Amino acid sequence: MQVRRCAVLVLEPRETIEFRFESLLQGGDGLVRDLAWYALAPHLDAPVRVDGRAQAWLGSLSPSRWHALEEGSAEAMLAAPLLAAGLVIAQDPADPVHAARDARLRQAHWHPLAAVLHAFSRWDGVDAVRNMKESETETAVQMRRTLGAPPAECARIEGSGPPQQLPRSPSGCFDDLLARRVTCRNFDTWQPLPLALFAQVLQRTFGSTAQQRVGEDLVFLKKNVPSGGGLHPIEAYLLVQHVEGVAPGIYHYQSDSHQIAPVGTDAVLDRGFVMEAVGQQHWFADAHVLVVLAPRFNRTFWKYRQHAKSYRVVAMEAGHLSQTLYLAATDAGLGAFITGAINEKHLERALGLDTIAEGVLAVCGFGWRAAQMTTTELDPAGVIWQAAAT
Ligand SMILES: Cc1cc2nc3c(=O)[nH]c(=O)nc-3n(C[C@H](O)[C@H](O)[C@H](O)COP(=O)(O)O)c2cc1C
């Protein structure tokens, strides 16, 4: 049998600590520590535990050149569990799933460390709210008590010379818009969002304003946000909950035509689906529209192949989109949010994403603000909530 190592694999020495009552009874501290090496291979769903011999053999196996494995040999015995786990790939595999994913990963041009980071930082079934409660970091006061003092809120660079005061600019309408951008955690679940406002926020944030055709199959879109290489890899999937003239459901926004197309999926957009998407943060699940920022990584990696910066660039683009969405929503008199505490795998499944080439980086949302603040927002100047009270 001809085999080779999977394309990307990083080994992590991991300590898992578990509480066991028996350890306490035996006079221990109740904590049982397990130290082991894990192979992190981004084409696989989970880390694979490997022993020292397997690790050494993996290190000697080329990921590019096929190696003949002699049937019944000691090497073949060592290889068998690694083949089953998908860390080693056979040229003619009995089960082609791992091989197919490994092949796709090779074609997607990920930087190896970025591929590992992305694959193993995705959540499934995480309840971010319960985690905050359990770790006693739910409120600012709790955080200070549990975590101690953070680094200072404003940096002063040691050894820098005397500061020079800069003139303050007079406040204009752009400053007013910026000041009204406050992350919204209180949405009005009664009032539907008019179609025109829904469309306006999408157009301003995700729509293309022009295009430059270089050839038959090479087109650069111009948008209101910058994008590394002008490639605009991030797609907007919409969880439409409460918009006039749009049936609740999951849609894809087509940035060149300014159309929304329903996503063919078995997923049902109900409260449970949205809560799971935003890690059980009920304050965001009320939004009229949630926008899943889902990059097609392979579009950016088409140009920036195995590039050390490319994943970072795509992640930064999600920030540009988010800020533009905040401002577009604020300008329309709406509230907006972004969250990174999301269950990406739940969304990937629902949207039918190819998780080698595509993924989910964040969820944004927008809609009417509620009349009352029930969940805390950061509005120390009272720009939103004082105004609402008067
Ligand atoms: C990338 C990113 C992720 C965030 N994730 C969350 C989140 O998971 N939950 C949440 O309530 N707010 C989240 N926020 C919002 C911040 O808490 C908020 O920006 C911060 O408190 C400052 O408030 P402001 O946006 O009103 O100025 C996130 C913000 C950013 C930029």
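Residues numbered from 1 in each chain as written. Predicted model: local features only at pLDDT ≥ 70, side-chain atom pairs only at ≥ 80, totals over all residues. Heavy atoms only, no water.

Trainee: Explanation requested: the nonpolar core in the structure shown.
Mentor: Note that soluble globular proteins tend to have their nonpolar side chains buried in a common cluster. Ranked by internal contacts, the top residues of the largest apolar core, which has 72 residues, are Phe198, Val291 and Phe366. Tallying contributions element by element places helix α13 (residues 310–331) first for this core, with eight residues. Taken domain by domain, the makeup of this core includes at least three residues from each of domain 1 (2–108) and domain 2 (173–389). Sequence-distant contacts of Phe198, that is, excluding residues within four places in its chain, are made with Leu193, Leu238, Val240, Val243, Val246, Ile260, Val289 and Phe366. In terms of nonpolar packing, the next biggest core, distinct from the first, is built from 22 residues, Ala39, Ala54, Ile89 and Ala99 among them. (Core = buried A, V, L, I, M, F, W, Y, C linked by side-chain atoms within 4.5 Å. Buried < 20%, exposed > 50% of the residue type's maximum accessible area, 1.4 Å probe, protein only. Helix = DSSP H or I, 4+ residues; strand = E, 2+ residues; numbered from the N terminus. Domains from an automatic or database assignment. Contact = heavy atoms within 4.5 Å.)

Trainee: Just to check I follow, could you spell out the pairing of strand β12 (residues 289–295) for this structure?
Mentor: If a strand is regular, its side chains alternate between the two faces of the sheet. The buried count for β12 comes to seven of seven residues, which makes it a mostly enclosed element. The alternating pattern of β12 places Val289, Val291, Leu293 and Pro295 and Leu290, Val292 and Ala294 on opposite faces, both of which are buried. Looking at chain direction, strand β9 (residues 234–240) and β12 are connected through seven bridges and run antiparallel. Note that in β12 the partner of Glu235 across the bridge is Ala294. By the bridge criterion, five bridges tie β12 to strand β14 (residues 362–367) in an arrangement that is antiparallel. Each residue of the ladder has a partner; that of Val291, found in β14, is Cys364. (Pairing = 2+ DSSP bridges.)

Trainee: For this particular structure, what's the right way to read the packing of aromatic side chains?
Mentor: Here a ring pair, both rings aromatic, is described through the centre-centre distance and the interplanar angle of the planes. The full count for this structure, using the stated rule, is nine aromatic pairs. The interplanar angle of 70° and the centroid separation of 4.8 Å between the aromatic rings of Trp110 and Phe301 together place this pair among those described as edge-to-face. Residue Trp110 is located in the loop between α4 (96–108) and α5 (112–119), and its partner Phe301 is located in helix α12 (residues 297–303); the two are separated by 191 residues in the primary sequence. Taken together, Trp110, Phe297, Phe301 and Tyr311 form an aromatic cluster joined through their ring pairs. Over the ring of Tyr38 we find Arg14; its NZ or CZ atom is 5.0 Å from the centre of that ring. Taking NZ or CZ as reference, Arg181 lies 5.0 Å from the ring centre of Tyr326, over its face. (Phe/Tyr/Trp six-rings, centres within 6.5 Å; stacked < 30°, edge-to-face > 60°. Lys NZ or Arg CZ within 6 Å of the ring centre and 35° of its normal.)

Trainee: Sorry if this is basic, but what is going on with the site of the ligand here?
Mentor: Contacts to the ligand come from Arg181, Val182, Thr183, Arg185, Gln281, Trp283, Phe284, Ile338, Thr339, Gly340, Ala341 and Leu378. At 2.8 Å, a side-chain N or O of Arg185 approaches an oxygen atom of the ligand. Ile338 has a polar backbone atom sitting 3.4 Å from a nitrogen atom of the ligand. Within the complex, the protein chains bury 58% of what would otherwise be the 620 Å² of accessible surface of the ligand. Sorting the residues of the shell around the ligand by element identifies α11 (282–285) and β13 (335–339) as the ones contributing at least two each. (Near = heavy atom within 4 Å. Polar contact = N/O pair within 3.5 Å; in protein donor to acceptor, adjacent residues only side chain to side chain. Areas by Shrake-Rupley, 256 points an atom, 1.4 Å probe, with all protein chains shown as cover.)

Trainee: Would you take a moment to explain empty space enclosed by the protein for this structure?
Mentor: Empty space left among the atoms is revealed by rolling a probe the size of a water molecule over them. Across all of its chains, the model carries three cavities of 30 Å³ or more by this definition. Here the largest cavity is characterised by a volume of approximately 70 Å³. For the lining of the largest cavity, the secondary structure elements donating two or more residues are α4 and α5. Examining the composition of the lining of the largest cavity, we find that three residues originate from one element, α5, more than from any other. The residue makeup of the lining of the largest cavity, split by class, is six nonpolar, two polar and three charged. Considering only residue class, the lining of the second largest cavity consists of six nonpolar, two polar and two charged. (1 Å grid on protein atoms, 1.4 Å probe; cavity = no way out; pocket = protein on both sides within 12 Å on 5 of 7 lines; lining within 4 Å. Points joined across faces, edges and corners; volume = space filled by probe spheres on them. Nonpolar A, V, L, I, M, F, W, Y, C, P; charged D, E, K, R; others polar.)

Trainee: I keep staring at the pattern of salt bridges and nothing clicks. Help me out?
Mentor: Counting across every chain of the model gives 15 salt bridges. When the shortest N-O distance is used, the salt bridge between Glu235 and Arg296 registers 3.1 Å. Of this pair, Glu235 sits in strand β9 while Arg296 is found in the loop between β12 and α12, placing the two residues 61 residues apart along the sequence. In this structure Glu235 comes out as buried when scored by relative accessible area, which is 14%. With its nearest N and O atoms 2.8 Å apart, the salt bridge here joins Glu377 to Arg369. The buried category is assigned to Glu377, whose relative accessible area is 6%. We classify Arg369 as buried; its relative accessible area is 17%. (Salt bridge = Lys/Arg side-chain N within 4 Å of Asp/Glu carboxyl O.)

Trainee: Explanation requested: the sheet that holds strand β6 (residues 88–90) in the structure shown.
Mentor: The pairing of strands in a sheet happens through backbone hydrogen bonds and is either parallel or antiparallel. Ordered in space as β5-β1-β6, the three strands form an open sheet in which the pairing is antiparallel. Either end of the sheet is taken by a strand with one partner, and the two such strands are β5 (67–68) and β6. Note that strand β1 (residues 2–5) and β5 share two bridges and pair antiparallel. What sits directly across from Gln2, in β5, is Ala68. Lying on the sheet, helix α3 (residues 74–85) is in contact with β1, β5 and β6; it crosses β6 at an angle near 100°. (Axes fitted to C-alpha atoms, helices over the stretch in contact; angles between N-to-C directions.)

Trainee: Sorry if this is basic, but what is going on with the domain arrangement of the chain here?
Mentor: In many reports, interface size means the accessible area that the parts give up when they come together. If you check the domain split of the chain, you get domain 1 (2–108) and domain 2 (173–389). Residue-level contacts link six residues of domain 1 with six residues of domain 2. Buried surface at the junction of domain 1 and domain 2, both sides included, amounts to about 530 Å², of which 49% is carbon and sulfur. Summed over the three residues of domain 1 that lose the most area to domain 2, namely Arg101, Arg104 and Ala108, the buried surface amounts to 74% of that side. If you look at where domain 1 meets domain 2, you find one salt bridge. Counting every contact that joins domain 1 to domain 2 gives two residue pairs in polar contact (both at pLDDT 80 or more). Taken together, the residues of the side of domain 1 that touches domain 2 break down into two nonpolar, one polar and three charged. (Buried area = accessible area lost by both parts, 1.4 Å probe.)

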